[in-house]
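What follows is the residue order along each chain.
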Amino acid sequence: MVELNSSQNERKRTSPSTSRNHLNTIGCFKLRLSTFTLQTLVAIYLLWVPTLSKAQETGLSNDQISSVSARLAEAAQASWELGTRAQAILELNATQYSVFSSGSIPPSSSAAGDDSMEPIWDIARSIMGQWNGTSSSLPQPLMPDGSAADPASNGVTMLMADWTGLAARDSSSNSSLNYDYAAAAKSQLDFLFSSNVPKTSDGAISHRVDQLQLWSDFVYMVPPFLAYYGGLTRNRTLLVEAYDQCKLYRSYLQDEKSRLWKHVLLGTGGTDEGFWSTVLSLSEVSPFVIVAQTYLTRSQSTGNGWAAAGMLRIHATITNSEYANTLKNQRKDLQKWVEEIHKAMYAVVDDTQIFTNWADQPPSAPRNFYDASGTALVAATVYRASLQYAGRRYKYLGNAERVWATLFNSTGSGSSNSSAPFVGFKHFTPEGWLTPVVNPHNYGEQGSMSAEGQAFVVMLAAARRDWIGVNGEYSAGVSRYQGVLFLKWAGGLLTVAVCAMTYGF
């Protein structure tokens, strides 16, 4: 029989109760250590997660949104400003008639008597009061303008006025208001495709009348009108044409490396020569006309916003039309192209969360500056993109939320009131003008009291409100942006807990 050594004898003589006590001690130590580990990691997580600002919690007050809207109404005079204002009103106050709402095409006939639509009808009546065309006259734009595209931004307003029977309702009390909205919309449509407006060899419609010139703004002004016309009249060809115009403009304006869109391409000049470079080679446009190809070498923030916003409206229009399934590939392309802009734009924003006017240049660059108007528009398109993509966790929501918190950050100094609801706000005057903004009438200069800037704030507020309505009031940009991070942390904490209790670290 083999003798046990002394240490073995000692272990053999240890009683079962002593062994259990020893194991209990070790288990308690493991439990305390694992609990400490969990508490530490939870504390780190809670400290790390950014807290929500007051603006993120409550949104804008009624006085604030009313003030921004009032400034917009005061400033909107030019053709594209009126069209953009009408779209902003639809998104904020007449949501059920906006293309971003399901069942909005065609609009209900009740819209003609809906008080929320009255500001839009006022725009329609004002334009028709100056329009001198008829159903049999030569095609002409809705408003006199050097731009072929900008008057078309009011085309959706005309189509809605016609479809809902506004003229019949108005003329019952005032015969002078018996306007032919259908004729005006058709005339604008025919004008765009007429020989009066230059085209590229592959069919891109010029933004300008006097020369062949492509502007990123065009994507917001013309294709959404074509798409809405097609949706209302069950004309699939027009819906495809809206998509094709976006595709053509992207092929010309998008920079292959950065994916940012240039603001203006082709033609012989612009309102700010300092931001243009003229290519030495010339191209023959016709046997009799030689045009220097002029390129804007920088990408404007607002221009990229215009493009993204326009493509989202087309995406929504197709989605709410009877051709949604047969045009699903076009919808996928539009979604992809919008995401390209978001990725490119948020790759160049600095710590201020405000884009510069020329997005790919620092604010210290010659004649560059911060532009809150383009910043607001791009952020609005992030919320809209997230809503339209069927509950998708959109990676740029965090960027949009930081923009919201920045634009509506108050220092708390001073006391706001109904006539000055933005006292103490860095990016608004007390009366509600967004600042700083690009001069929309001279895009190489900083401006003030911008109609389009006000419209973009309204669109941002409406888009974020709608996002919260679907995803939860306190979660815009957080439930999906930080919510994903929370799930990762929760999974990590669970793993640590299991490992700690199993292996005792």
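Residues numbered from 1 in each chain as written. Predicted model: local features only at pLDDT ≥ 70, side-chain atom pairs only at ≥ 80, totals over all residues. Heavy atoms only, no water.

Caption draft 1: Highlighting empty space enclosed by the protein. Here the structure, examined in full by the defined rule, presents three cavities of 30 Å³ or more. Of the voids in this model, the largest cavity is the one considered here, and its volume is about 90 Å³. Looking at which element gives the most residues to the lining of the largest cavity, the answer is helix α15 (residues 372-388), with four residues. Taken as a whole, the second largest cavity holds about 70 Å³ of empty space. Considering the residues around the second largest cavity, the lining is formed by Gln-87, Leu-90, Tyr-97, Ser-98, Val-99, Val-156, Pro-224, Tyr-228, Arg-313 and Thr-317. Residue composition of the lining of the second largest cavity, grouped by class: six nonpolar, three polar and one charged. (1 Å grid on protein atoms, 1.4 Å probe; cavity = no way out; pocket = protein on both sides within 12 Å on 5 of 7 lines; lining within 4 Å. Points joined across faces, edges and corners; volume = space filled by probe spheres on them. Helix = DSSP H or I, 4+ residues; strand = E, 2+ residues; numbered from the N terminus. Nonpolar A, V, L, I, M, F, W, Y, C, P; charged D, E, K, R; others polar.)

Caption draft 2: Up close: a positive patch on the surface. On the surface, Arg-259, Lys-336, Lys-343 and Lys-395 cluster together into a positively charged patch. Within the fold, Lys-343 resides in helix α14 (residues 328-346). (Patch = residues over 30% accessible without salt bridge, like charges linked within 9 Å, V, L, I, M, F, W, Y side chains within 5 Å. Areas by Shrake-Rupley, 256 points an atom, 1.4 Å probe, with all protein chains shown as cover. Salt bridge = Lys/Arg side-chain N within 4 Å of Asp/Glu carboxyl O. Lys, Arg positive; Asp, Glu negative; His and termini not counted. Charge placed at Lys NZ, Arg CZ, Asp CG, Glu CD.)

Caption draft 3: Spotlight on the nonpolar core. One finds Met-117, Met-311, Tyr-346, Leu-407, Phe-408 and Leu-460 to be the most contacted residues of the largest nonpolar core, which totals 131 residues. Take this core: its biggest share by element is eleven residues, from helix α17 (residues 451-471). The residues contacting Met-117, other than those within four sequence positions of it, are Leu-90, Ala-94, Tyr-97, Ala-111 and Met-160. Listed in part, the six residues of the second largest apolar core include Trp-215, Trp-358, Val-438 and Tyr-443. (Core = buried A, V, L, I, M, F, W, Y, C linked by side-chain atoms within 4.5 Å. Buried < 20%, exposed > 50% of the residue type's maximum accessible area, 1.4 Å probe, protein only. Contact = heavy atoms within 4.5 Å.)

Caption draft 4: Seen up close, the pattern of salt bridges. Inspection of the entire model under this criterion finds 13 salt bridges. Taking the shortest distance from any N to any O, the salt bridge between Arg-250 and Glu-340 comes out at 2.9 Å. Here Glu-340 lies in helix α14 and Arg-250 lies in helix α12 (residues 236-253), a separation of 90 residues in the sequence. By the burial criterion, Arg-250 is buried, and Glu-340 matches it. The shortest N-O distance in the salt bridge between Asp-466 and Arg-384 comes to 3.0 Å. Here the residue Asp-466 occupies a position in helix α17, and Arg-384 occupies one in helix α15, the gap between them amounting to 82 residues. Looking at Arg-384, the relative accessible area reads 7%, which means it is buried. What you see here is one network of salt bridges that share partners, running through Glu-118, Asp-122, Arg-125, Arg-169 and Asp-170.

Caption draft 5: Representation of α14 in the model. With 19 residues, α14 extends 27 Å between its outermost C-alpha atoms, agreeing within 8% with the 27 Å of an ideal straight helix rising 1.5 Å per residue. Those residues of α14 not exposed but buried are Gln-330, Leu-334, Trp-337, Val-338, Glu-339, Glu-340, Ile-341, His-342, Ala-344, Met-345 and Tyr-346. As for α14, its buried residues are in contact with α12, α13 (301-319), α15 and α16 (397-407). (Expected span 1.5 Å × (residues − 1).)

Caption draft 6: Geometry of the packing of α15 against α17. Interhelical geometry of α15 versus α17 gives an angle of 25° and a closest axis separation of 8 Å. On the basis of their axis angle, the class for α15 and α17 is roughly parallel. Judged by the sense of rotation from one axis to the other, the crossing of α15 with α17 is left-handed. Between α15 and α17, the contacting residues are Ser-373, Ala-376, Leu-377, Ala-379, Ala-380, Tyr-383, Arg-384, Ser-386 and Leu-387 on the first element and Gly-453, Phe-456, Val-457, Met-459, Leu-460, Ala-462, Ala-463, Arg-464, Asp-466, Trp-467, Val-470 and Asn-471 on the second. (Axes fitted to C-alpha atoms, helices over the stretch in contact; angles between N-to-C directions. Parallel < 35°, antiparallel > 145°, perpendicular 65-115°, else oblique. Left-handed = near helix turned anticlockwise from the far one by under 90°.)

Caption draft 7: Seen up close, the packing of aromatic side chains. On inspection of all chains with the given rule, the structure shows 14 aromatic pairs. When the centroid spacing of 5.1 Å and the interplanar angle of 80° are considered together, the rings of Trp-306 and Phe-456 count as edge-to-face. Note that Trp-306 is positioned in helix α13 and Phe-456 in helix α17, a separation of 150 residues in sequence. The class for Trp-306 is buried, based on a relative accessible area of 1%. A relative accessible area of 0% means that Phe-456 is categorised as buried. (Phe/Tyr/Trp six-rings, centres within 6.5 Å; stacked < 30°, edge-to-face > 60°.)

Caption draft 8: Representation of the side chain of Asn-154 in the model. Within the fold, Asn-154 resides in the loop between α6 (118-130) and α7 (155-163). For Asn-154, the side chain forms a polar contact with the main-chain nitrogen of Gly-83, separated by 3.2 Å. Leaving out residues up to four positions away in the same chain, Asn-154 has contacts with Ser-79, Leu-82, Gly-83, Ile-123, Ile-127, Leu-142 and Met-143. (Polar contact = N/O pair within 3.5 Å; in protein donor to acceptor, adjacent residues only side chain to side chain.)

Caption draft 9: Region of interest: the confidence of the model for the chain. With 75% of its residues at a pLDDT of 70 or more, the chain shows a mean pLDDT of 82. Contacts for the low-pLDDT stretch residues 474-488, under 50 throughout, to residues beyond four places or in other chains number 32 contacts. (pLDDT = per-residue confidence, 0-100.)

Caption draft 10: Examining the environment of Ile-127 more closely. For Ile-127, the position within the fold is in helix α6. Taking the C-alpha atoms as reference points, Ile-127 and Ala-184, 57 residues apart in sequence, are found 9.7 Å from one another.

Caption draft 11: Local environment of the side chain of His-263. Considering the arrangement of structural elements, one finds His-263 in the loop between α12 and β2 (264-265). Within the structure, His-263 has its side chain in polar contact with the side chain of Asp-217 (distance 2.9 Å). Side-chain polar atoms of His-263 contact the side chain of Gln-300, separated by 3.4 Å.

Caption draft 12: Region of interest: unusual backbone geometry. At the junction of Ile-105 and Pro-106, the peptide bond is cis and its omega measures out at -5° in the coordinates. Position of Pro-106 among the secondary structure elements: in the loop between α5 (79-93) and α6. The phi dihedral of Arg-234 falls on the positive side, at around 60°, and the residue is not glycine. Phi is positive for Arg-367, close to 60°, though the residue is something other than glycine. Among the secondary structure elements, Arg-367 is positioned in the loop between α14 and α15. Classification of Arg-367 as partly exposed rests on a relative accessible area of 46%.

Caption draft 13: Representation of the environment of Asn-399 in the model. Mapping Asn-399 onto the fold places it in helix α16. The class of Asn-399 is buried, set by a relative accessible area of 13%. Considered as a pair, Asn-399 and Val-349 are 50 residues apart in the sequence and their alpha carbons are 9.6 Å apart.

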